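Structural description and commentary
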Amino acid sequence: MEVGKLTVSLRDKTGHKGAARKLRATGKVPGVCYGASPNGKIEPLSIVVDVKALRAALDPVRKHNTVINLTIEGGAHAQNLHALVKDYQLDPIRRDITHVDLIAVDPNKEVVSTVPLEFNGKPKGAIDGGQIRIVLRNLEVRAKPADIPVKLSVDVSPLEIGDVIHVSAITLPGGVTAVTGRDLAVATCAAPEEEKVAAVAEGAAPAEGAAAPAAGAAPAAGAKDAKAAAPAAGAKAAPAAAAKPAKK
């Protein structure tokens, strides 16, 4: 299987769990293909996808952003499209792919895609004890399918304590624009005091919890004295109780 090429077939008996199970037993899964092409909008098509063939078609670097030359067999005639992996579902236990969504794209029109962020360098603020905090790990961008970047690099080395890198500071390749809000924080360098406060706040819970047994321990320790004092107190009370009728 050549990278970037995938052949799927139209699927019958949609909605039947038994049919889906039979497919998965043969290494195939149900899927859907929809989107747009140079010839116009594509209505959702139920398809059968060979999982191994799909993995082989994906560029190991570009992964789900690989532009696939997709052939759909079945029906009146085969359809040849360009597509991206829009989404996929995994079995919660075995982690096997159970369903695939392919989105047909027009190579000459922009699409929205998710691109991972790569963080490079060591913040200047780290010298003073600051710690890097990553807020966003992916960025949504708009670009033509062939222009979708594999990843976007973020240099965090200029960060002083308290500094923040926003989406607007990320350098984007030509033909690529950010869909994620420009004012959103991507990374920051936290002050060491903040780290200590967080640590104290986390440690406060056990300390407070530890105080409860201590408080419980006081009665336990005092119980010994109270036990010894109880007869004395009772002895004092007994004559008083007896004295009351005597008064009458």
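Reference entry: report on the structure contained in this document. Worth saying up front: this structure is predicted, and the values here are computed from it rather than measured. (Residues numbered from 1 in each chain as written. Predicted model: local features only at pLDDT ≥ 70, side-chain atom pairs only at ≥ 80, totals over all residues. Heavy atoms only, no water.)

1. A short note on the sheet that holds strand S4 (residues 68-73)
Counted only if it meets this: At least two bridges found by DSSP between two strands is the condition for calling them paired. Secondary structure counts use DSSP, requiring at least four H or I residues in a row for a helix and at least two E residues in a row for a strand, with both numbered from the N terminus. Every angle, taken between N-to-C directions, lies between 0 and 180 degrees, and every axis is a line fitted to C-alpha atoms, over only the stretch in contact when it is a helix.
On the basis of which strands lie adjacent, the closed barrel formed by six strands has the order S1-S3-S2-S6-S5-S4 and mixed pairing. Neighbour-to-neighbour, the strand axes of this sheet turn through a mean angle of 45°, independent of strand direction. Here strand S2 (residues 28-37) runs beside strand S3 (residues 40-50); their pairing, made up of nine bridges, is antiparallel. Bridged to Cys33 within S3 is Leu45.

2. Section: the nonpolar core
Operational definition: Residues belong to a common nonpolar core when they are buried Ala, Val, Leu, Ile, Met, Phe, Trp, Tyr or Cys residues joined through side-chain atoms within 4.5 Å. Burial status follows relative accessibility: with a 1.4 Å probe on protein chains alone, a residue under 20% of its type maximum counts as buried, one over 50% as exposed, and anything between as partly exposed. Between two residues, a contact is recorded if the distance between any of their heavy atoms is within 4.5 Å.
Core analysis: the biggest nonpolar cluster contains 22 residues, and Leu6, Cys33, Leu70 and Leu102 have the highest contact counts within it. Breaking this core down by element, the ones donating at least two residues are strand S1 (5-10), S2, S3, helix H2 (51-57), S4, strand S5 (79-90) and strand S6 (97-105). Those residues in contact with Leu102 that sit more than four places away from it in its chain are Leu6, Val32, Cys33, Tyr34, Ile47, Leu70, Leu84, Val85 and Lys86.

3. Quick notes on the layout of surface pockets
Remark: the empty space left among the atoms is shown by a probe the size of a water molecule rolled over them. What counts is decided by this rule: Grid points spaced at 1 Å over the protein atoms alone were grouped into cavities, where a 1.4 Å probe fits but cannot get out, and pockets, open sets with protein on both sides within 12 Å along at least five of seven lines, with lining residues defined by an atom within 4 Å of a point. Grid points are joined across faces, edges and corners, and a volume is the space filled by probe spheres set on the points. Any residue that is not Ala, Val, Leu, Ile, Met, Phe, Trp, Tyr, Cys, Pro, Asp, Glu, Lys or Arg is counted as polar, Gly included; the first ten are nonpolar and the last four charged.
Put simply, the largest pocket is a space of about 440 Å³. As for the largest pocket, its lining consists of 19 residues, of which Leu58, Lys63, His64, Val85 and Tyr88 are closest to the centre. Only H2, S5 and S6 provide two or more residues apiece to the lining of the largest pocket. Counting residues per element, the lining of the largest pocket draws most heavily on S5, at four residues. Within the lining of the largest pocket, the residues separate by chemical class into eleven nonpolar, two polar and six charged.

4. Points about the sheet that holds strand S12 (residues 177-178)
In spatial order, the strands read S10-S7-S9-S12; together these four strands make up an open sheet with mixed pairing. For this open sheet the edge positions go to strand S10 (152-155) and S12, each flanked by a neighbour on one side alone. In this sheet, S10 lies alongside strand S7 (residues 111-120) in parallel orientation, the contact comprising four bridges. Bridged to Asn120 within S10 is Asp155.

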